[in-house]
Amino acid sequence: MIGSRWKKVIRDLWHNKVRTLLVVLSIAAGVSGIGAVAHMYFIMSRDLAQSYAEVRPASATLYTDDAFDDEMVRAVRRLPGVAEAEGRRSLMLRFRTAPHRPWQVIERFVLPDDGETRVSKVRPEIVFEPDPASWTPGAWPPLRRTTVLERTSLLVGYLGLAQARLDDTITIETADGRLREIRLSGLAYDFSRIPATFMGCAYGYVDRETLEWLGGAPGYNELYVLTNNPADAPYNRRIAEQVRAHVERAGVRVTRIDVARPGELPLHNYFQAITIVSGTLGALALFLSVLLVTNAITALLLQQTRQIGVMKAIGARPRQIALVYAVCALAFGALALPLALLASRVATESFVNFLAYFLDFKLGTFTTPAGVIGLQIGMALLAPLLASLAPVLSAARLTVREAIAGQREDRRHSGVRLAASTRDANTISWLALVPTPVILALRNALRQRMRLALTLTTLTLATAIVVSVLSVRRSLFETFEVIQATSRHDVLVTLVRPYRVAQIEHLAQQTPGVAYVESWGSASAYRLRPDGSEGPVIGIIAPPAESALFTPEVVEGCWLLPGEDHALVISADMRRFEPDLRVGQSVVLKIGNRETEWQIVGVTRGLLGVPFMYASQPYLAQITGAFGQTREIRVSAGAHDPDAQQQVATALRETLENAGVSVAVAQTRTDEREQAATLINIIVSFLLTMAVLLAAIGGLGLTGTLSLNVIERTREIGVMRAIGASNDALYRIVAGEGIAISLASALIGTALALPLGYLLSNAVGLAFLQIPLLYHFALDGAAIWLVAAIGIGIGASLLPARAAIGLTVRNTLAYDR
């Protein structure tokens, strides 16, 4: 048989279904939020790393000027310390998806004849979201004169591949200018490479014969090496140097070695930043849900003060009373747990799939680890228990006289208070010309000050986070606009190979719509570190000394001065890869076959995570041997709107190509903005997801508060019904209370969002761009949220108002708390 105490717990839960539901939903929201963050962290820190390990990423990659063959690869495999080796060849070409589409850049990689890559594995992609019907499993390895695309290539909108389908054809321009039609036969997944969404360049994979058909030389120019101990970076460096020595003794010159950082994913910094920020917001969600549980338990105890007095009068000890309500709190948590587990799994799967879609990581079997389930079980049971501890202990210490007398006093004077409040409301309404329901709503909101404080805290924090996230979004876009404002070109044209400056500028100036032309220098370099290792390849940009289209924003040090041949200005994003770099420091760069020493004189603001360096144009031309030549021009158009930019880009491409100049890319400022907007929206989307969760918890808290207020005022509602209160009047009272609380929290939260948004903007800027964002408070976002707050207040009051309207005079006057 169930004891009387446990019957009471069940009765309390069952007979107050609305309150039980709201408390359960509040706990479930908080627990599922922190559970989803923990689950996401688990996937990104263990499953993601395991998936990356299955790719068998190269411990080192050697790049050569001379081609080598399979015999060389087999010889490298036999070297001590080498677990596996594989030759690859890559080739940069131009492609277009239709005659009316512009040419774009695609990097082709040759796959082994059997399609089985052994190092930095490339695997066939079976289904591609969001339209699985668009692609079916294609041939693997790619058939002769067909290609497969890396799946993220379809996500870069301006490449023109978004609408591509199986068996479509694209046009490839070979190195000698011939055009080849090649069929798309499927999709590939290459997790070892930075996604095309970040690089803005398509990736394609072909067999050896097809690459030669497209103009590629036979043999390999990249050697991927996997060591016997890939987790040991110094060991990998030593083995890579041994491989270099062996290859060069065979007559193949190695131009560069990239040694991977063990266990580091291609977008490690982005994953880490997302995890930290989302973890902070998840913890805040749990804190808000704890506040809601405290609010609900406190209201329950206030409502049952007389019952506590009766239980004490018949012999109940404080420990027994505390135990009854502690079990009630545990019951709330137990009921919330299944909802939390389900919601957490659904939210995690949706969110991780969203990240995988843009950041190109792939999940294995989606499972919820026991640790995450255990964490949610612990939070679901302990959070309501700890939240109820203070009010339960306080109620358990009440004496019989305090409990029963307090309730009777409340009942004796409730009618007097109602009448007096109504008279006061009528007086204030008459004086201030404010409707009586509004005055009653405000009075009701202020009646339970502790409950009001907890509800306001919940909604205020939710408001502050939402407005702060909107401010981060505004700051990201404003920062990007400031960065873009440093360059005033409308079209950037990159050529396949260097051409004479005089020829290119003359052709460009003859193009309709072109107002001004500048030739820029460029090169690729990598740092030779003091420990002998080599950094990643980073672009060097060399603008004209007196550029009219570029005004750099220097955040440290100074800009390049005329005559400073060895001076170098780096972007802030360089420090993501080379964290030791400082203004005044000397660095050694290898450009082509030359090693040169430079001195860092300044740091510029980065461009959404893309590292680059600036150097003197004459000195870079001297190093590269490109005097009087250029591969890049920047053009200012007479009109600067997107249509005019596109017309100039098209006309430039046609003019240059008709003159025999091969154009790799002609990108407008609008294209640059679209690419940046894609990356910004990735960051903002996951922040807004967490912010919406917090707002939902706040809305549940408000609904719970209004419902409890209606329950406590049951007799008052009966009196108002008896004297002629209509359904509309009751609805306006409850809705007015909800709107007043919601608006108050919106105003306080907006004020709190000013400093909080600044801190969050700095954190996001440092995490993603290595520098703080230019902070801009989202006034428009705050105004939108103010309107949304009214909607939340109205929405949160619907259920409580319906409950109030459903009460009859007979039931309300017979109600005994």
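All of these numbers come straight from a predicted model, not from anything done at the bench. (Residues numbered from 1 in each chain as written. Predicted model: local features only at pLDDT ≥ 70, side-chain atom pairs only at ≥ 80, totals over all residues. Heavy atoms only, no water.)

A word on the overall build of the protein. For the protein, the helix and strand inventory stands at 22 helices and 21 strands. Relative to its full complement of 817 residues, the protein shows a buried share of 53%. Of all intrachain contacts in the protein linking residues separated by at least 6 positions in sequence, the fraction that spans at least 24 positions is 82%. Surface summary for the protein: the accessible area is close to 34,500 Å², and the carbon and sulfur share equals 60%. (Helix = DSSP H or I, 4+ residues; strand = E, 2+ residues; numbered from the N terminus. Buried < 20%, exposed > 50% of the residue type's maximum accessible area, 1.4 Å probe, protein only. Contact = heavy atoms within 4.5 Å. Areas by Shrake-Rupley, 256 points an atom, 1.4 Å probe, with all protein chains shown as cover.)

This part covers the packing of helix α3 (residues 70-77) against helix α6 (residues 233-249). Where α3 contacts α6, the axes come no closer than 11 Å and their chain directions differ by 140°. It follows that α3 is oblique to α6 by the angle criterion. Considering only the axes of α3 and α6, their crossing is right-handed. Taken together, the residues of α6 that come into contact with α3 (itself represented by M72, A75 and V76) are V243, H246 and V247. (Axes fitted to C-alpha atoms, helices over the stretch in contact; angles between N-to-C directions. Parallel < 35°, antiparallel > 145°, perpendicular 65-115°, else oblique. Left-handed = near helix turned anticlockwise from the far one by under 90°.)

This structure, assessed with the given rule, holds 17 salt bridges. The salt bridge involving R145 is made with E209; its shortest N-O contact spans 3.9 Å. Separated by 64 residues along the polypeptide, R145 in the loop between β5 (123-125) and β6 (146-150) and E209 in helix α5 (residues 208-213) bring together distant segments of the chain. (Salt bridge = Lys/Arg side-chain N within 4 Å of Asp/Glu carboxyl O.)

Glancing now at the confidence of the model for the protein. On average, the protein scores 78 in pLDDT, and the residues at 70 or more come to 82%. The model gives residues 407-433 a pLDDT under 50, and that stretch makes 19 contacts with residues more than four places away or in other chains. (pLDDT = per-residue confidence, 0-100.)

Most often, soluble globular proteins keep nonpolar side chains buried together rather than apart. Formed by 29 residues in total, the largest nonpolar core has its most connected members in I465, V467, V469, V472, L476, L694 and W785. Elements with a contribution of two residues or more to this core: α7 (268-303), α13 (449-485), α18 (669-712), α20 (727-769) and α21 (779-805). Among the nonpolar cores identified, the runner-up in size contains 28 residues, and I321, A340, V392 and A395 belong to it. (Core = buried A, V, L, I, M, F, W, Y, C linked by side-chain atoms within 4.5 Å.)

Here we come to a nonpolar patch on the surface. Residues L382, L386, L389 and L393 make up a contiguous nonpolar surface patch of about 380 Å² in total accessible area. One can find L382 in helix α10 (residues 370-396). (Patch = residues over 30% accessible without salt bridge, like charges linked within 9 Å, V, L, I, M, F, W, Y side chains within 5 Å.)

Each α-helix winds once per 3.6 residues, and so residues spaced three or four apart point in a common direction. For helix α14 (residues 501-509), every residue scored as buried is listed here: I504, L507 and A508. One side of α14 holds all its buried residues, which, seen down the axis, span an arc of 100°. Where α14 is buried, its residues meet β12 (491-500), β13 (514-528), β20 (629-637) and α17 (642-658). (Arc of directions from axis to C-beta.)

This paragraph deals with the sheet that holds strand β1 (residues 60-68). One open sheet accounts for four strands, arranged β2-β10-β1-β11; its pairing is antiparallel. Pairing within the sheet leaves two strands with one partner each, and these edge strands are β2 (82-88) and β11 (254-259). For this sheet, the mean angle separating the axes of adjacent strands, direction not counted, is 20°. By the bridge criterion, five bridges tie β1 to β11 in an arrangement that is antiparallel. (Pairing = 2+ DSSP bridges.)

Attention now moves to the packing of aromatic side chains. Scanning all chains against the criterion turns up eleven aromatic pairs. When the centroid spacing of 5.3 Å and the interplanar angle of 85° are considered together, the rings of F612 and Y614 count as edge-to-face. Like Y614, F612 is buried. These aromatic residues form a ring-pair network of at least three members: W520, F550, W559, F612 and Y614. Here the guanidinium or amino end of R256 rests over the ring plane of Y63, the centre of that ring lying 4.0 Å away. Over the aromatic face of W520 sits the side chain of R634, whose NZ or CZ is 3.7 Å from the ring centroid. (Phe/Tyr/Trp six-rings, centres within 6.5 Å; stacked < 30°, edge-to-face > 60°. Lys NZ or Arg CZ within 6 Å of the ring centre and 35° of its normal.)

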